[in-house]
Amino acid sequence: MPESNRGFSAYFRRDLLLAYRRRGEVASPIIFFVMVATLIPLGITPEADSLKELAPGTIWVMALLATLLSAEGLFVSDYKDGSLEQLLISPNMLVMPIFGKVTAHWITTGLPLTLASPLIGLMLSLPSVAYLPMMAGLALGTGCLSFLAAIGAALTVSLQKGSLLLTLIVMPLYMPIIIFGSAVMQYSIDGMAWSGPLAILGAMLAVAIALCPLAIAAVLRLITIN
Amino acid sequence: MVNSSLLTVNDLRFERDDIPVINGACLTLNVGEILQIEGPNGSGKTTLLRILTTALQPSGGEILYRGQILSECRFDYLSNILFLGHQSALKLTLTAEENLSWTTSELPGSVSIMEALEQVGLRGYSDVPCHKLSEGQQRRVALARLLVTNAEVWFLDEPFSALDKQGVQFVEQCMERHVKGGGAVMLTTHQPIGMEPVRRYSLVGSSVGGGF
Amino acid sequence: MNWTWFYRMGSPLWFYQSTSRWLPLLSLVTLVLLVAGLAWGLGFAPEDAKQGNSFRIIYLHVPASFLALAGYFLMATAGAIGLIWKMKLSYIVMKCAAPIGAALTFLALFTGAVWGKPTWGSYWVWDARITSMLILLFLYFGVLALQYAFHNQEAGNKASAVLALVGTVNIPIIYKSVDWWFTLHQPSTIKLTSAPSMHPDMFQPLLVMILAFYFFYALALILAVRVEILKRESKTTWVRELVEQASRQKIGAK
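Fair warning: this is a prediction, and the values are worked out from it, not measured in the lab.

1. Details of the overall build of chain B
Phase 1: A tally of regular secondary structure across chain B gives six helices and nine strands.
Phase 2: Its C-alpha atoms put chain B at 50 × 35 × 35 Å along the principal axes.
Phase 3: Split into buried and exposed, the 212 residues of chain B put 37% on the buried side.
Phase 4: For chain B, the proportion of contacts with a sequence separation of at least 24, taken over those separated by at least 6, is 70%.

2. Some thoughts on the overall build of chain C
Phase 1: Across its full length, chain C carries eight helices and zero strands.
Phase 2: Helices (α) and strands (β) of chain C occur, in sequence order from the N terminus, as α-α-α-α-α-α-α-α.
Phase 3: Counting only C-alpha atoms, chain C reaches 60 × 45 × 40 Å along its principal axes.
Phase 4: Expressed as a percentage of the 254 residues in chain C, the buried residues total 36%.
Phase 5: Of all intrachain contacts in chain C linking residues separated by at least 6 positions in sequence, the fraction that spans at least 24 positions is 78%.

3. Remarks on the interface of chain A and chain C
Phase 1: In this assembly, 20 residues from chain A lie in contact with 22 residues from chain C.
Phase 2: By residue number, the principal contributor to the side of chain A that touches chain C is helix 9 (residues 162-189) of chain A, which donates eleven residues.
Phase 3: Tallied by class, the residues present in the side of chain A that touches chain C amount to 19 nonpolar, one polar and no charged.

4. So, the UniProt feature "transmembrane region" (unreviewed entry) in chain C
All names here are of chain C.
Phase 1: UniProt records the feature "transmembrane region" (unreviewed entry) for residues 57-85, 97-116, 128-150, 162-182 and 202-225 in the present numbering.
Phase 2: Across residues 57-85, the secondary structure splits into 97% helix and 0% strand, with the terminal C-alpha atoms separated by 41 Å.
Phase 3: End-to-end, the C-alpha atoms of residues 202-225 are 35 Å apart, and along that stretch the chain is 100% helix and 0% strand.

5. Let's talk about the packing of helix 3 (residues 48-71) of chain A against helix 8 (residues 131-156) of chain A
A pair of packed helices is characterised by two quantities: the angle between their axes and the separation of those axes.
Residue and element names in this part refer to chain A.
Phase 1: Running from N to C, helix 3 and helix 8 point in directions that differ by 35°, and their axes come no closer than 9 Å. As for how helix 3 packs across helix 8, the hand of that crossing is right-handed. Of the residues in helix 8, those touching helix 3 at Ile 59, Ala 63, Leu 64, Thr 67, Leu 68 and Ala 71 are Met 134, Leu 138, Thr 142, Leu 145, Ser 146, Ala 149, Ala 150, Gly 152 and Ala 153.
Phase 2: Residue composition of the contact of helix 3 with helix 8, grouped by class: eleven nonpolar, four polar and no charged.

6. Let's talk about the pairing of strand 3 (residues 34-38) of chain B
Residues and elements named next belong to chain B.
Phase 1: Pairing analysis gives four bridges linking strand 3 to strand 8 (residues 184-188), with the strands arranged parallel. When the sheet's bridge partners are listed, Ile 37 is paired in strand 8 with Thr 188.
Phase 2: Direction of pairing for strand 3 relative to strand 9 (residues 199-202): parallel, over a ladder of four bridges. Directly across from Glu 38, in strand 9, lies its bridge partner Ser 202.

7. Some remarks on the pairing of strand 7 (residues 153-157) of chain B
All names here are of chain B.
Phase 1: The element strand 7 is largely enclosed, with a buried count of five among its five residues.
Phase 2: Side-chain alternation along strand 7 places Val 153, Phe 155 and Asp 157 on one buried face and Trp 154 and Leu 156 on a second face that is also buried.
Phase 3: Where strand 6 (residues 81-84) and strand 7 come together, four bridges link them in parallel fashion. Bridge assignment links Leu 84 to a residue of strand 7, and that residue is Leu 156.

8. A short note on the environment of Asp 49 of chain A
All names here are of chain A.
Phase 1: Note that Asp 49 resides in helix 3.
Phase 2: What makes Asp 49 exposed here is the crowd of 8 C-beta atoms within 10 Å.
Phase 3: For Asp 49 and Leu 126, which are 77 residues apart along the polypeptide, the C-alpha to C-alpha distance reads 9.4 Å.

9. Structural notes on the packing of helix 2 (residues 23-43) of chain A against helix 7 (residues 110-123) of chain A
Residues and elements named next belong to chain A.
Phase 1: Across the interface, helix 2 lies against helix 7 with an axial gap of 10 Å and an inter-helix angle of 15°. Classified by the interaxial angle, the pair formed by helix 2 and helix 7 is roughly parallel. Note that helix 2 runs across helix 7; the crossing there is right-handed. Residues Ile 30, Phe 33, Val 34, Ala 37 and Thr 38 of helix 2 touch helix 7, and the partners they reach there are Pro 112, Leu 113, Ala 116, Leu 119, Ile 120 and Met 123.
Phase 2: Here the residues of the contact of helix 2 with helix 7 are counted per class, giving ten nonpolar, one polar and no charged.

10. Some details on the nonpolar core
All names here are of chain A.
Phase 1: Among the nonpolar cores identified, the biggest contains 195 residues, and Leu 148, Ala 150, Ile 151, Ala 154 and Tyr 174 are the most heavily contacted of them.
Phase 2: Sorting elements by how many residues they give to this core places helix 9 first, with 15 residues.
Phase 3: Residues within four places of Tyr 174 in sequence aside, it is in contact with Leu 64, Leu 145 and Leu 148.

11. Considerations on unusual backbone geometry
Phase 1: Even without being glycine, Ser 125 of chain A reaches a positive phi, approximately 55°.
Phase 2: Tracing the sequence through the fold places Ser 125 of chain A in the loop between helix 7 and helix 8.
Phase 3: Overall, the presence of 17 C-beta atoms within 10 Å leaves Ser 125 of chain A in the partly exposed class.
Phase 4: Here the phi dihedral of Asp 11 of chain B falls at roughly 55°; this positive angle occurs in a residue that is not glycine.

12. A look at the sheet that holds strand 1 (residues 5-16) of chain B
Residues and elements named next belong to chain B.
Phase 1: Read across the sheet, four strands follow the order 2-1-4-5 without closing on themselves; strand pairing throughout is antiparallel. Every interior strand has two partners, whereas the edge strands, strand 2 (19-30) and strand 5 (68-69), have only one.
Phase 2: Where strand 4 (residues 60-65) lies against strand 5, two bridges are found, and the strand directions are antiparallel. Within strand 5, the residue paired with Tyr 65 across the bridge is Gln 68.
Phase 3: Together, strand 1, strand 2 and strand 4 form the strand contacts of helix 1 (residues 45-52), whose direction differs from that of strand 2 by roughly 60°.

13. Observations concerning the sheet that holds strand 3 of chain B
Residues and elements named next belong to chain B.
Phase 1: Strand order in the open sheet formed by five strands is 6-7-8-3-9, with parallel pairing between adjacent strands. Whereas interior strands pair on both sides, the edge strands pair on one side only; in this sheet they are strand 6 and strand 9. Pairwise comparison of adjacent strand axes, ignoring direction, gives a mean angle of 15° for this sheet.
Phase 2: Sheet strands touched by helix 6 (residues 165-180): strand 3, strand 7 and strand 8. Its angle to strand 8, the strand with the most contacts, is close to 145°.

14. A look at helix 3 (residues 58-85) of chain C
All names here are of chain C.
Phase 1: Across its 28 residues, helix 3 extends 39 Å between first and last C-alpha, which sits within 8% of the 40 Å expected from 1.5 Å per residue.
Phase 2: Where burial is concerned, most of helix 3 is hidden: 20 out of the 28 residues are buried.
Phase 3: One or two positions beyond helix 3, positive phi appears at Lys 86, with a value near 55°.

15. Points about the environment of Thr 53 of chain B
Phase 1: Along the chain, Thr 53 of chain B falls in the loop between helix 1 and strand 4.
Phase 2: Thr 53 of chain B sits in the buried class, given 23 other C-beta atoms within 10 Å.
Phase 3: Sequence-wise, Thr 53 of chain B and Arg 140 of chain B are 87 residues apart; in three dimensions their C-alpha atoms are separated by 22 Å.
Phase 4: Contact partners of Thr 53 of chain B, with chain neighbours within four places excluded, come to Ile 89 of chain A together with Ile 81, Phe 83 and Phe 155 of chain B.

16. Quick notes on the environment of Tyr 148 of chain C
Residue and element names in this part refer to chain C.
Phase 1: With respect to the helices, strands and loops of the structure, Tyr 148 is situated in helix 5 (residues 128-149).
Phase 2: For Tyr 148, a count of 11 C-beta atoms within 10 Å translates into the label exposed.
Phase 3: Counting along the chain gives 61 residues from Tyr 148 to Met 87, while the straight-line C-alpha distance between them is 19 Å.

17. As for the confidence of the model for chain C
Residues and elements named next belong to chain C.
Phase 1: Residues at a pLDDT of 70 or more form 93% of chain C, whose mean pLDDT is 86.
Phase 2: Least confident of the elements in chain C is helix 1 (residues 4-8), whose mean pLDDT is 73; most confident is helix 3, at 93.
Phase 3: Interface predicted TM-score (ipTM) for the complex: 0.89; the corresponding pTM is 0.88.

Parameters at a glance
Here the residue numbering is sequential within each chain, running from 1 through the sequence in written order. All chains are assigned letters beginning at A, and all ligands numbers beginning at 1, according to the order in which they are written. In view of the model being predicted, local features appear only for residues whose pLDDT reaches at least 70, and side-chain atom pairs are presented and counted only at 80 or more, with totals across whole chains, interfaces and linings using the full set of residues. Secondary structure is summarised from DSSP: a helix means a run of H or I of at least four residues, a strand means a run of E of at least two, and numbering begins at the N terminus for each. Backbone-placed C-beta atoms define the burial measure: a residue is buried with 20 or more other C-beta atoms within 10 Å of its own, exposed with 12 or fewer, and partly exposed in between. By definition, residue pairs are in contact when their C-beta atoms, positioned from the backbone, come within 7 Å. Each residue gets one label: Ala, Val, Leu, Ile, Met, Phe, Trp, Tyr, Cys and Pro are nonpolar, Asp, Glu, Lys and Arg are charged, and the others, such as Gly, are polar. UniProt positions are given in the numbering used here, feature names are shortened, and annotations may be inferred rather than shown by experiment. Note on geometry: axes are C-alpha line fits, over the in-contact stretch for helices, and angles between N-to-C directions span 0 to 180 degrees. The sense of a crossing depends on the near helix, which, turned anticlockwise from the far helix by less than a right angle, makes the crossing left-handed and, turned clockwise, makes it right-handed. A pair of strands is treated as paired once DSSP finds two or more bridges between them. Oblique is the label for any angle not covered by the other classes, which are roughly parallel (under 35 degrees), roughly antiparallel (over 145) and roughly perpendicular (65 to 115). For our purposes the nonpolar core covers buried Ala, Val, Leu, Ile, Met, Phe, Trp, Tyr and Cys residues that link as a set through C-beta atoms within 7 Å. Multiplying 1.5 Å by the residue count of a helix minus one yields the expected span of that helix. Per residue, pLDDT measures the predictor's confidence, with a range of 0 to 100.

Set out below in structure tokens:
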């Protein structure tokens, strides 16, 4: 009988190990996140009041871009060295390894983003009441971002200039997440209950976890090997 | 009627962009056999192997494993096959041992990883990251996979490429031992195999070619 | 149940032949509806109390936005049929529906902008509908770009089909999110398309135009699919016979 959970932990651990061995590469989206945060005050205005207004949306846009940057490589190295083909002919279910890989991706991208976000909040004069909502929202939202980016990564894995196409494909799907993500912060700043939009983000993550691995498995089986 | 063949392929067809690549291939693979798929470049040898390992979906025809349609015994079939392709499927940042333990976690075997590495001449290299190995050494790590699993059917795509005489001998010995022990091998190669008995199947016109 | 009729519909030859029979009638009906709708809406419908004559753009804007959305679902359905039943004709329909749908989305956005200027003083307003329409355009672009990015036609078809399906699942989420976002930020702005509260004299030509656009879409899609079929099946005998016949007619006419 196929063992469902073994696939998850095996690929989860392997991808984390691989990321650990390439620490420098993996850290760059986070550094990107922090560096771009300094562009906003430099490019627009350093005034605390204006920054405060822009902060929620800016943080989310940057988290989005950082996730897209790191998503390209999700399946590419496996495709190039033949590991993907071995994955496809493995007797175990395909969805669990995919789930493991995407979770590992989140741990190396979304989680560091969430942890680095207070730093950005500080730089963008985010009101202190919004820090916890920001981190909660980012934790859930970046999970969704990882899963959706993985669909784009699977679709473009065999293409030459896949990265730009990946961004084009995934961007419209990201819009609801950014809407609710920044709303979580905005609600807290305006003194309203921010658990509402947060719950919606949680629901989106639940749907993403349930459906995206299926879509990714279908894409990998249908399209990658020719 | 008891079907003694390990693998039976009936009228297999594969099209790529409406161009037929494989046109009604029929072949069998029995226990203890080595089947060589012949054909010039581009005749679909790798494609055939890929279809038989289920990495690709055929456009038509059926594949039977021990008399059962593949879709009904997928798990048993895939647990018993090993595929070695052009690409080494090695993670270069991982060590040789880590890469091989990856294979054994899915297809367990009776030979330990250290033993296998010794047999391919890489004793002492087990904890070296693969990117530090030469290409020939990396190829040998990939070949060590043949030793660490108990998979019944081997699908080898150009296993002799980029190997020296010693390497070629090693692979031939592995294949012989494997089929004597009850396994079966299907391979594609340009080079003539210096061992007997090898049955041949030609993909040109998909007619069964010369035999023993 | 006998499904042969379904599989017969997957034959490009059957499609080409049956559409050849119905094409003249379809073109006539489309033309009549378009002319009637446009004349009625642009000429004979009464002026709007608040917006004067500029509201007439809705006779193009609303049908275009209907068809833009419906076209996306049609494209995704064609893709799904292609994936499940491996029907090449279905993939051809999907491939042809994409640029038509994208063009209609662009038309909806453009007419929305044209309407915006005299009504709200600016060519672009971040209204919920318009924003959703813009995201729909991006979804179309994604499907189009993916289709043409693959060298292997089949892989491109399958990839676009999956993307179209993923987009379909997301469209309700996106529309609802944008609606919610819009009410959060601008609760009191008038909706650009308040169709139900229109006077029947203005509403009826709108219905005619919507119907006309549905026919127009069908016509455009059928014509595009026919061309694509000829291109793909160019090596088969029936296409070669058609080409020979056409060239003989041309020479005969000279």
